[in-house]
Amino acid sequence: MTKKVKEFFAKSGDYVKDLNENVTSIFKKPKKTIFKKEDFDTNVFENVLNKLHSRRSCRKFSSKKPDFKVVYDIIETSLRAPCAGGIQNIYVIAIEDSHHIHDLARIHGEQSWAGKAPIMLAVVRDNSEFEKLYPHDSFNLSLQNSAFVSSSIVNLLALTDLGCCVVRAGSNDETCKILGVDSSMSVDCLIPIGYSIDNPKYSDRLPTGQRFYFESFGNSNRGGAGHH
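Scoring rules and cut-offs
Residues numbered from 1 in each chain as written. Predicted model: local features only at pLDDT ≥ 70, side-chain atom pairs only at ≥ 80, totals over all residues. Heavy atoms only, no water. Helix = DSSP H or I, 4+ residues; strand = E, 2+ residues; numbered from the N terminus. Axes fitted to C-alpha atoms, helices over the stretch in contact; angles between N-to-C directions. Parallel < 35°, antiparallel > 145°, perpendicular 65-115°, else oblique. Contact = heavy atoms within 4.5 Å. Buried < 20%, exposed > 50% of the residue type's maximum accessible area, 1.4 Å probe, protein only. Arc of directions from axis to C-beta. Polar contact = N/O pair within 3.5 Å; in protein donor to acceptor, adjacent residues only side chain to side chain. Phe/Tyr/Trp six-rings, centres within 6.5 Å; stacked < 30°, edge-to-face > 60°. Lys NZ or Arg CZ within 6 Å of the ring centre and 35° of its normal. Left-handed = near helix turned anticlockwise from the far one by under 90°. Nonpolar A, V, L, I, M, F, W, Y, C, P; charged D, E, K, R; others polar. Core = buried A, V, L, I, M, F, W, Y, C linked by side-chain atoms within 4.5 Å.

Q: Got a minute to help me understand unusual backbone geometry in this structure?
A: Negative phi values dominate among residues other than glycine, just as trans dominates among peptide bonds. Of note, the phi angle at E215 is positive, near 70°, even though the residue is not glycine. With respect to the helices, strands and loops of the structure, E215 is situated in the segment after β4 (186-194).

This is the structure in structure tokens:
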């Protein structure tokens, strides 16, 4: 175990209980009881972190068909993401018809590269129930659910040998027509999936210290002002 990971666990205490289903179940069957700290597989956890750190968007796909069971398992897991108010308003459509994939890529900003993916997922959002129950903030809560599902799909795909990218730009009406979705709903994003033949360059990210704080914005000192 690296020094970095040891320091992480020294600070994290028993919060690893919460990671039982979110991390370890990706690689092994979840246990019925919550993990104890000494049972937590730190090697698995470190592998997950490394995979997510190395994730890159893919824009060049092989024609090789992915194992759809892997894709389905990722969708099924992602649809169990947190949902505001317990309202499950997000749907996922898997598109394998090459003509439909090409048409969707054309509508969404003429991104022809996305049309060459062997599978494309559409994340669809239905606002109707939120508008009834939470009229003051229906859009934000509904969109939050969509973000949870979409990000889960992208992150879980990063743990496999499949590549993906997130596409969003174009006519919702035209997209809904192709997918048979009621125009009152929103197709929030398309996620082309396949084996990557791309070698994307490393994407520079701001240092964590510039985007992660304690207690208040801009405070990088844990245990500083406002800490109780």
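Q: Honestly, the packing of helix α4 (residues 98-107) against helix α7 (residues 172-179) in this entry has me stumped. Any pointers?
A: The geometry of a pair of packed helices is captured by two quantities: the angle between their axes and the separation between those axes. Closest axis-to-axis distance for the α4/α7 pair is 10 Å, and the angle between their directions is 175°. When the axis of α4 is compared with that of α7, the two are roughly antiparallel. Every residue of α7 that contacts α4 at H100, D103, L104 and I107 is listed here: E174, T175, I178 and L179.

Q: Quick question: what am I supposed to make of helix α3 (residues 68-78) here?
A: Every α-helix winds through 3.6 residues per turn, so residues three or four apart in the chain are directed the same way. Along α3, the residues classified as buried are V71, I74, I75 and S78. Buried residues in α3, looked at end-on, bunch into an arc of 100°, giving them a common side. Residues of α3 that are buried sit in contact with β1 (90-95), β2 (119-125), α6 (138-157) and β4. Regarding α3, its N-cap is D67, as a side-chain oxygen of that residue lies 3.0 Å from the backbone nitrogen of K69 further along.

Q: What exactly am I supposed to notice about the packing of aromatic side chains here?
A: In this description, an aromatic ring pair is defined by two values, namely the gap between the centres and the angle between the planes. One pass over the full model with this rule turns up three aromatic pairs. Note on F130 and Y134: the rings are 6.1 Å apart at their centroids and 40° apart in plane angle, and the pair reads as tilted. R59 extends its terminal NZ or CZ atom over the ring of W113, reaching a point 5.5 Å from the ring centre. Directly above the ring of Y195 sits K64, whose terminal nitrogen or CZ lies 4.5 Å from the centroid.

Q: Can you help me understand the packing of α3 against α6 in this one?
A: At their nearest, the axes of α3 and α6 sit 9 Å apart, and the two run at 140° to each other. You can see that α3 and α6 cross each other, and the crossing is right-handed. Contact with α3, carried on its side by I74, T77 and S78, involves V149, S152, I153, L156 and L157 of α6 and no other residues of that element. Of the residues contributing to the contact of α3 with α6, the split by class is five nonpolar, three polar and no charged.

Q: Would you mind going over the nonpolar core with me for this structure?
A: Nonpolar side chains in soluble globular proteins tend to be buried together. Core analysis: the largest hydrophobic core is formed by 22 residues, its most contacted members being V71, L121, I153, L157, I191 and I193. Of all elements in the fold, only α2 (42-53), α3, β2, α6 and β4 reach the threshold of two or more residues within this core. No other element matches the five residues that α6 contributes to this core. Sequence-distant contacts of I193, that is, excluding residues within four places in its chain, are made with F61, V71, A117, P118, I119, L121, L157, L162, G163 and C164. If you look at the next biggest cluster of nonpolar residues, it comprises 20 residues, including I101, A117, C176 and V181.

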